[in-house]
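Chain residues, written in single-letter form:
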Amino acid sequence: NNHLSERINNMATSATLAMAAKARELRGQGKDIIGLSLGEPDFNIPDFIKDAAKKAIDENYSSYSPVDGYADLKQAISNKFKRDNNLDYGLSQIVVSTGAKQSLANIAMVMLNKGDEVILPAPYWVSYSDIVKLAEGVPVEVPTSIDTDFKMTPEQLEAAITPKTKMMWFSSPCNPSGSVYNEEELKGLAEVLKKHPNIFVVSDEIYEHINFRGGHISIAGIEGMYDRTITVNGVSKAFAMTGWRIGYIGAAEWIVKACTKFQGQITSGANAIAQRATITALEAPVSKIQFMIDEFHKRRDLILGLLGEIEGFKLNVPEGAFYVFPDISSFFGKTLKGTKINNASDFALYLLENANVATVTGEAFGNPNCIRISYAASEKELREAISRIKAVL
Ligand code: PLP
């Protein structure tokens, strides 16, 4: 539509949300679709958090909050950073936003000038590249493969750096690969970055607690990285609070001020009730959500076992988040039930139309050989979905 801006015409629709919409549409036509495409825990919000929100309504938290978030929420976030990550972020180093997605958009808008390059180890979370492009930055994908557990090596990082490199963005645990960078691996990347003091890092740690190996490591805690790392986190995944839309960052004060200024013109700050409930969520010991982590762990083992029985699926062992990211490139060039499979998008569509299972093409995440399967679904659904997939292959 030429009445719309180039900005929006050039933007891709979120592939994960598009797949979810397509699955809903097919369900509306009476098809029994199993949705394994969305990055959303299938648990209810724990009752103690719901109670905190109800209390906040009764206490009339109904006005605009401070743009960067309530001071006592920022204190709870500061305590959480110390408790879980051994990071010191004072109140002037924290901004609360409408989901980590907005935190990322704020960062792009305040840090990037036209043409600034942002290194994205691929596969990366689907929105990174479009958020960067919206801010007129240039995403520079660094492809990794299943052979390095989808992690970028220091050599690959070094090779991707140019005089225009402004930032590097990554998530660990990673959406979509489930890979978790260990301390040695992060130190390796930090060694390279030490030689390039003008490069900033966005460390997206939203899956921090959903880590089956234990011992989450924040790159901001690695020597030399604190001042130039922006640590992004939120409550969507760990507390099953996706719809309540609270995310936050810890960063240098000047970055925080800029994000607050930007947000002050765009949203005026995050939802008041959800902010109050987030205080309660973050103050709770991690043991309160351990049942979800344990359940995801069990399901990961289940789905790896089931997928392992399907010939042609190449799997890594994801150590966190709630996705598997099998390499299905062995099917490329084959014809299944009259449908030619040329790429991962054809494969995902084939599964949707023939097995009634919604997954997401790896192309959306910068990896054309894989598909992403979310296992944030019940054991019964997972068993049924994988058996259907097996049957149509
Ligand atoms: N970062 C990653 C890696 C994600 O997977 C997601 C959600 O899917 C987000 C950020 C956004 O989270 P939020 O719901 O806080 O906006």
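Residues numbered from 1 in each chain as written. Predicted model: local features only at pLDDT ≥ 70, side-chain atom pairs only at ≥ 80, totals over all residues.

Explain the domain arrangement of the protein to me, using residue names and the numbers behind them.
Many descriptions give the size of an interface as the accessible area lost when the pieces come together. Once the domains are mapped, the protein shows domain 1 (6-44 + 289-392) and domain 2 (47-285). Each of domain 1 and domain 2 has a C-alpha centre, and the two are 25 Å apart. At the junction of the two partners, domain 1 supplies 36 residues and domain 2 supplies 32 residues. For the side of domain 1 that touches domain 2, the secondary-structure elements that each account for two or more residues are helix H2 (15-28), helix H11 (290-308) and strand S9 (323-324). Here the side of domain 1 that touches domain 2 gets five residues from one element, more than from any other, and that element is H11. (Domains from an automatic or database assignment. Contact = placed C-beta atoms within 7 Å. Helix = DSSP H or I, 4+ residues; strand = E, 2+ residues; numbered from the N terminus.)

Outline the packing of helix H12 (residues 344-355) against helix H13 (residues 379-392), listing residues and values.
The packing of two helices is summarised by the inter-axis angle and the distance between the axes. Their axes nearest at 10 Å, the elements H12 and H13 cross at an angle of 105 degrees. Of the possible angle classes, the one that applies to H12 and H13 is roughly perpendicular. Contact residues: H12 offers Leu351, Asn354 and Ala355, while H13 offers Arg388, Ile389 and Val392. (Axes fitted to C-alpha atoms, helices over the stretch in contact; angles between N-to-C directions. Parallel < 35°, antiparallel > 145°, perpendicular 65-115°, else oblique.)

Tell me about the UniProt feature "domain: Aminotransferase class I/classII large" (unreviewed entry) in the protein, and name the residues and values.
UniProt marks residues 31-389 with the feature "domain: Aminotransferase class I/classII large" (unreviewed entry), using the numbering shown here. Taken as a whole, residues 31-389 contains 38% helix and 15% strand, while its terminal C-alpha atoms sit 16 Å from one another. (UniProt positions renumbered as here; feature names shortened; annotations may be inferred.)

Provide a residue-level description of the sheet that holds strand S4 (residues 138-143), including the pertinent values.
If you walk across this open sheet you meet the seven strands as S2-S8-S7-S6-S5-S3-S4, and the pairing is mixed. The two strands at the open ends of the sheet, each matched to only one other strand, are strand S2 (94-97) and S4. Adjacent strand axes in the sheet meet at a mean angle of 20 degrees when their direction is disregarded. The sheet contact formed by strand S3 (residues 117-122) and S4 spans six bridges and is parallel. (Pairing = 2+ DSSP bridges.)

Provide a residue-level description of the site of the ligand, including the pertinent values.
In the vicinity of the ligand, 13 residues are found, and the nearest of them are Gly99, Ala100, Lys101, Gly234 and Ser236. Looking at the shell around the ligand, the element that brings in the most residues is helix H5 (residues 99-111), giving three residues. Looking at side-chain class alone, the shell around the ligand contains three nonpolar, eight polar and two charged residues. (Near = placed C-beta within 6 Å. Nonpolar A, V, L, I, M, F, W, Y, C, P; charged D, E, K, R; others polar.)

Describe the environment of Tyr181, with residues and values.
With respect to the helices, strands and loops of the structure, Tyr181 is situated in the loop between strand S5 (165-171) and helix H8 (183-194). Separated by 29 residues in the primary sequence, Tyr181 and Met152 place their C-alpha atoms 9.3 Å from one another. Filtering out sequence-adjacent residues up to four positions away, Tyr181 remains in contact with Lys151, Ser172, Leu186 and Ile217.

I'd love a proper account of helix H6 (residues 127-134), names of residues and values included.
For H6, the set of buried residues is Ser127, Tyr128, Ser129, Ile131 and Val132. For H6, the elements touching its buried residues are H5, S3, S4 and S5. Downstream of H6 by a residue or two, Glu136 has a phi angle that is positive, lying close to 70 degrees. (Buried ≥ 20, exposed ≤ 12 C-beta atoms within 10 Å, placed from the backbone.)

Go over the sheet that holds strand S13 (residues 360-361), please, and point to the residues and values.
Working definition: the strands of a sheet are paired by backbone hydrogen bonds and lie parallel or antiparallel to each other. Within the open sheet, the three strands sit side by side as S9-S14-S13. Their pairing is antiparallel. In this open sheet, the two strands that pair with only one neighbour each are S9 and S13. Examined bridge by bridge, S13 and strand S14 (residues 371-374) share two bridges and lie antiparallel to one another. Following the sheet pairing, Thr361 is matched in S14 by Ile371.

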